Amino acid sequence: NEAKDAYEYFLSKKSSFGESDIIEELPRPIMIKLVHEVYSKDIQRVRIFKTYEKAFVADMVTNTRPFQATKGEKLFSEGDVLNDIIFISSGTIVISKFDGTNDVVLGFSRDG
């Protein structure tokens, strides 16, 4: 397939660039096809991606960075200004609010 051939070609050059730099060098239509092929399982797991065009999804995927949290770890607090979008690939996040005495569970967010 054309997209995989192009990707393998760039990897064979043993470039000092990271994967995202290699992908950015590809012609846009090939980059979009490659990202959707390589990351198809991840893309299918994120429900919101089903509502957007392939080009937008490819841009989102190539700009994500993995993050792993441990059970019980606080990711952010009420009032924090976030510059990131969090996609949960596995597990569950508890959304809670401190009421002055206790943490009150407001809901849960699961993978996808």
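Refer to the preceding data block for the structure.
Just so you know, the residues in each chain are numbered from 1, in the order the chain's sequence is written. It should be noted that, the model being predicted, local features are given only for residues of pLDDT at least 70 and side-chain atom pairs only at 80 or more, the latter also being counted only at that level, while totals for whole chains, interfaces and linings use all residues. Hydrogen atoms and water are omitted, and side-chain values are computed over all heavy atoms in the structure.

(A) Focus on the pairing of strand β1 (residues 92-98). In the sheet, β1 pairs with strand β2 (residues 103-110) via seven bridges, with the strands oriented antiparallel. Across the sheet, residue Ile-93 finds its bridge partner in β2, namely Ser-109. Pairing between two strands requires that DSSP report at least two bridges joining them. A helix here means a DSSP run of H or I that spans at least four residues, while a strand means a run of E at least two residues long, and both kinds are numbered starting from the N terminus. The turn joining β1 and β2, which pair antiparallel and follow one another in sequence, is formed by four residues; a positive phi near 105 degrees is taken by Gly-100.

(B) Geometry of the packing of aromatic side chains. Centre distance within 6.5 Å is the pairing criterion for rings of Phe, Tyr and Trp, where only the six-membered ring of Trp is used; planes under 30 degrees apart are then read as stacked, over 60 as edge-to-face, and the remainder as tilted. Summed over the entire model, instances satisfying the criterion amount to two aromatic pairs. Plain terms: the ring middles of Phe-49 and Phe-87 are 5.2 Å apart, the flat faces sit at 50 degrees to each other, and that makes the pair tilted. Here the residue Phe-49 occupies a position in the loop between α4 (40-45) and α5 (54-62), and Phe-87 occupies one in the loop between α5 and β1, the gap between them amounting to 38 residues. Relative accessibility under 20% of the residue-type maximum defines a buried residue, over 50% an exposed one, and the middle range a partly exposed one, all with a 1.4 Å probe and only protein chains included. Assessed through its relative accessible area of 8%, Phe-49 is described here as buried. Between Tyr-52 and Phe-56 the ring centres are 4.7 Å apart and the planes differ by 35 degrees, which places this aromatic pair in the tilted class.

(C) Looking closely at the pattern of salt bridges. In what follows, salt bridge is the name for a side-chain nitrogen of Lys or Arg lying within 4 Å of a carboxyl oxygen of Asp or Glu. Tallied over the entire structure, the rule returns two salt bridges. We note a salt bridge from Arg-28 to Asp-59, for which the minimum N-O separation is 2.9 Å. Separated by 31 residues along the polypeptide, Arg-28 in helix α3 (residues 28-38) and Asp-59 in helix α5 bring together distant segments of the chain. The partner of Lys-97 in a salt bridge is Glu-78, and the shortest N-O contact between them spans 3.7 Å. Placement of the pair is Lys-97 in strand β1 and Glu-78 in the loop between α5 and β1, with a sequence separation of 19 residues. A relative accessible area of 62% places Glu-78 in the exposed class.

(D) View of a nonpolar patch on the surface. A surface patch of nonpolar side chains, about 490 Å² in accessible area, is lined by Phe-67, Leu-75, Phe-76, Leu-82 and Ile-86. By the secondary structure assignment, Leu-75 is in the loop between α5 and β1. The patch calculation keeps residues exceeding 30% relative accessible area without a salt bridge and links them within 9 Å when they carry like charges or within 5 Å when they are nonpolar (Val, Leu, Ile, Met, Phe, Trp, Tyr). Each accessible area is a Shrake-Rupley result for a 1.4 Å probe, and residues are judged covered by the shown protein chains and nothing else.

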